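The residues making up each chain are set out below.
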Amino acid sequence: MKTLLVTCGATVSFPKLICSVISAPFIGELKSDGFERLIVQFGKDYREEFAGKLDNELFIEVECSISTAELGTVNTPVSRTLMASHFEIIGIDFSSKIQHVIKEHADLVISHAGTGSILDSLRLAKPLIICVNDDLMNNHQQQIADKFESYGYVWACSAKPKDLLRCLTRSRSEVLKPFQATRSDAFEGRLKFLAFS
Amino acid sequence: MMRTTHISIGLLVLYAIYLVRLICILPFFLKQRQDDSPLRLNSKRKGQLKVFVFLGSGGHTGEMLRLLENYSDLLLANSNTLFVGYSDTQSRAAFAQLAKKTDLKCRIEFYEFIKAREVNSSYFSSFVTIVRTLVDSCFKALSISLRFYSSPHLVLLNGPGTCCVLALWFKLFEWVNLFQSRSNIVYVESLARITSLSLSGKLLYWLADSFVVQWKELQIAKPRAEYYGILV
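Each residue is numbered by its place in its chain's sequence as written, counting from 1. For this description, chains carry letters from A and ligands carry numbers from 1, given in the order in which they are written. In keeping with the model being predicted, local features are shown solely for residues with a pLDDT of at least 70 and side-chain atom pairs are shown and tallied solely at 80 or more, while totals for entire chains, interfaces and linings include all residues. Note that the side-chain values use all heavy atoms of the structure and ignore hydrogens as well as water.

By the naming in an unreviewed UniProt entry, chain B goes by UDP-N-acetylglucosamine transferase subunit ALG14 and is assigned to Zygotorulaspora mrakii. UniProt positions are given in the numbering used here, feature names are shortened, and annotations may be inferred rather than shown by experiment. One UniProt comment on chain B, placed under Subunit (unreviewed entry), says "Heterodimer with ALG13 to form a functional enzyme."

Per an unreviewed UniProt entry, chain A is named UDP-N-acetylglucosamine transferase subunit ALG13, and its organism is Zygotorulaspora mrakii. Reading the Catalytic activity (unreviewed entry) entry of the UniProt record for chain A gives the comment "an N-acetyl-alpha-D-glucosaminyl-diphospho-di-trans,poly-cis-dolichol + UDP-N-acetyl-alpha-D-glucosamine = an N,N'-diacetylchitobiosyl-diphospho-di-trans,poly-cis-dolichol + UDP + H(+)".

1. Brief notes about the overall build of chain A
Along the backbone of chain A there are nine helices and eight strands. Exposure categories follow from relative accessible area, calculated using a 1.4 Å probe and restricted to protein chains: below 20% of the type maximum is buried, above 50% is exposed, and the middle band is partly exposed. Taken across its 197 residues, chain A has 54% of its residues classed as buried. Residue pairs in contact within chain A that sit at least 24 positions apart in sequence constitute 65% of those at least 6 positions apart. On chain A, roughly 8600 Å² of surface is accessible, and the fraction owed to carbon and sulfur atoms is 53%. Each helix is a run of DSSP H or I of at least 4 residues and each strand a run of E of at least 2, with the numbering of both proceeding from the N terminus. Whether two residues touch is decided by their heavy atoms; if any such pair falls within 4.5 Å, the residues are in contact. Surface exposure here means Shrake-Rupley accessible area, sampled with a 1.4 Å probe, where a residue is shielded only by the protein chains that are shown.

2. Description of the interface of chain A and chain B
By a widespread convention, an interface's size corresponds to the accessible area lost as its parts come together. Each partner contributes to the interface: chain A provides 34 residues, whereas chain B provides 48 residues. Computed with a 1.4 Å rolling probe, the buried area is the accessible surface lost when two parts are put together, summed over both parts. Regarding the contact of chain A and chain B, the summed buried area is about 3800 Å², with carbon and sulfur atoms giving 62% of it. Among the residues of chain A in contact with chain B, Phe-187, Arg-190 and Phe-196 of chain A are the three that bury the most area, contributing 20% of the side total. Basic side-chain nitrogens of Lys or Arg form a salt bridge, by our definition, when they fall within 4 Å of a carboxyl oxygen of Asp or Glu. At the boundary of chain A and chain B, one finds two salt bridges.

3. Focus: the sheet that holds strand E4 (residues 78-82) of chain A
Where strands meet in a sheet, backbone hydrogen bonds hold them as pairs that are either parallel or antiparallel. Residues and elements named next belong to chain A. Here a strand pair is declared whenever DSSP counts at least two bridges between the two strands. With mixed pairing, eight strands are arranged side by side in an open sheet as E3-E4-E5-E2-E1-E6-E7-E8. Unpaired on one side and paired on the other, strand E3 (59-61) and strand E8 (155-157) mark the two borders of the sheet. With strand direction ignored, the average angle separating the axes of adjacent strands in the sheet is 20°. Note: strand E1 (residues 3-7) against strand E2 (residues 37-41), five bridges, orientation parallel. Bridge pairing in E2 links Leu-4 to Leu-38. Along the sheet, helix H6 (residues 115-123) makes contact with E1, strand E6 (108-112) and strand E7 (128-131), crossing E6 at roughly 165°. Here the axes come from fitting lines to C-alpha atoms, over the contacting stretch only for helices, and the angles between their N-to-C directions go from 0 to 180 degrees.

4. Observations concerning the nonpolar core
Only buried residues count toward a nonpolar core, which is a set of Ala, Val, Leu, Ile, Met, Phe, Trp, Tyr and Cys residues joined through side-chain atoms within 4.5 Å. If you look at the biggest cluster of nonpolar residues, it comprises 63 residues, and the most contacted ones within it are Phe-148 and Phe-187 of chain A together with Leu-68, Leu-75, Phe-95, Leu-156 and Val-186 of chain B. Counting residues per element, this core draws most heavily on helix H9 (residues 185-196) of chain A, which supplies five residues. The residues touching Phe-148 of chain A, leaving out its near neighbours within four places in the chain, are Ile-118, Leu-119, Leu-122, Ile-130, Tyr-153, Val-154 and Phe-179 of chain A together with Leu-191 and Trp-215 of chain B. In this structure, Ile-27, Leu-38, Phe-59 and Cys-157 of chain A belong to the second largest nonpolar core, which totals 34 residues.

5. Regarding helix H7 (residues 141-150) of chain A
Taken together, the buried positions of H7 of chain A are Gln-141, Ile-144, Ala-145, Lys-147 and Phe-148 of chain A. Projected onto a plane normal to the axis of H7 of chain A, the buried residues spread over an arc of 165° and lie on a single side. Taken together, the buried residues of H7 of chain A touch E6, H6, E7 and E8 of chain A together with helix H8 (216-221) of chain B. Following H7 of chain A by one or two positions, Gly-152 of chain A adopts a phi angle in the positive range, close to 80°. The arc refers to the directions leading from the helix axis to the C-beta atoms.

6. Notes on unusual backbone geometry
With a phi angle near 55°, Ala-125 of chain A is a residue other than glycine that sits in the positive phi range. By the element assignment, Ala-125 of chain A lies in the loop between H6 and E7. Ala-125 of chain A gets classed as exposed once you look at its relative accessible area, which sits at 68%. Phi is positive for Asp-103 of chain B, close to 50°, though the residue is something other than glycine. Tracing the sequence through the fold places Asp-103 of chain B in the loop between helix H4 (89-101) and strand E3 (107-112). You can call Asp-103 of chain B partly exposed: its relative accessible area is 48%.

7. Some details on a nonpolar patch on the surface
Distance thresholds for patches are 9 Å for like charges and 5 Å for nonpolar side chains (Val, Leu, Ile, Met, Phe, Trp, Tyr), applied to residues having over 30% relative accessible area and no salt bridge. A cluster of nonpolar residues, Ile-7, Ile-9, Leu-11, Val-13, Leu-14, Ile-17 and Leu-178 of chain B, forms a patch on the protein surface that exposes about 600 Å² of accessible area. Structurally, the position occupied by Val-13 of chain B is in helix H1 (residues 2-25).

8. A look at the pairing of E7 of chain A
Residue and element names in this part refer to chain A. With burial as the criterion, each face of E7 is covered, one bearing Leu-128 and Ile-130 and the other bearing Ile-129 and Cys-131. Sheet topology places E6 next to E7; four bridges connect them, and they run parallel. Note on E7: the bridge partner recorded for Ile-110 is Ile-129. Classification remark: right-handed applies to a crossover when, strands pointing away from the viewer, the course from the first strand over the helix to the second runs clockwise. Since E6 and E7 lie parallel, the crossover through H6 that links them has a hand, and here it is right-handed. As defined by bridge partners, E7 adjoins E8 across three bridges and the pair is classed as parallel.

Below you can see the structure in the form of structure tokens.
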């Protein structure tokens, strides 16, 4: 089941990104691209708003196709399916098994520009679109996104629907560079030197 | 009169000793040694490694856990003692997951700290919580510091506000106790910082025995910084 995972991070929610990915044009584009499922990890204190956005005549409440245990969430996921087709939207506030979810279910990841979320996807070799949250204080996210994009590891954009759609189009034709996992012997040597000398 | 002179001389000697001690322990007086490799390691201190790590919240915790996982051979060896400081339950739960995943067998002790500063909090409320954190963390830092005594040890920090307070205490105890070895504070700046240091980084740049950044641009801007690539 071709799946898009959207992750907003554990601490702060990202309403602009969430609104964009559950908008009709974006879902339409996903469906035409063969996606059948959208998992949104929406972050802290956003459950009611997320469910509210899906409480309309287009969506029917259904049982989640992935178990709560496998999603690594304590709360029951918000799960809806699109009335006219087999397109499922799953919403979770936080996942303690986000790496497992990425590895086992995600074919494409859209992430906020938090370094943890970026590295989780890159290390698992999943194609990644980074979405910058420009509402945050001292916005280092833009720098991070630009940096990783300059290396060819990710596609970066804002949370605007047209920007996201542009990146989605790019993800069909472009191939990203594989991320080189780093483990520094020099750093380990430095730690040993400090501890034992 | 004679007694007063003796006291004055004694105080002067003590003052001189502590001044020299201060110069010895503050890392920016020392020559930076990034080229110390395992091959040049001259192990003077024997015994089991004791490591203190502080887990902040969210991204900071994630980076610290990846650091522990990436260098688990050294940091999480079975014979080690790991002191884990944390300021929220989510961080402790995240650590528990790492312990399960890596089948951790080293000895672990947990220390809960008050958060020094909440994200987006005002300067006044930050000041109040920092004072509370100072008092709360003093005894815990002293307890850990005493446990480090004459053992190989490391203090690994990576950015949340509370770690500045802890570093300050570790350095203060190192200064006051003339017989204590170096506190071995290793500060790893967040991967999110590319061109400028975080507030914690700006403060700990002067206190950390090893100040590590993860982007080349920052090393160029900060002469004391060490760069080993992306570590997390």
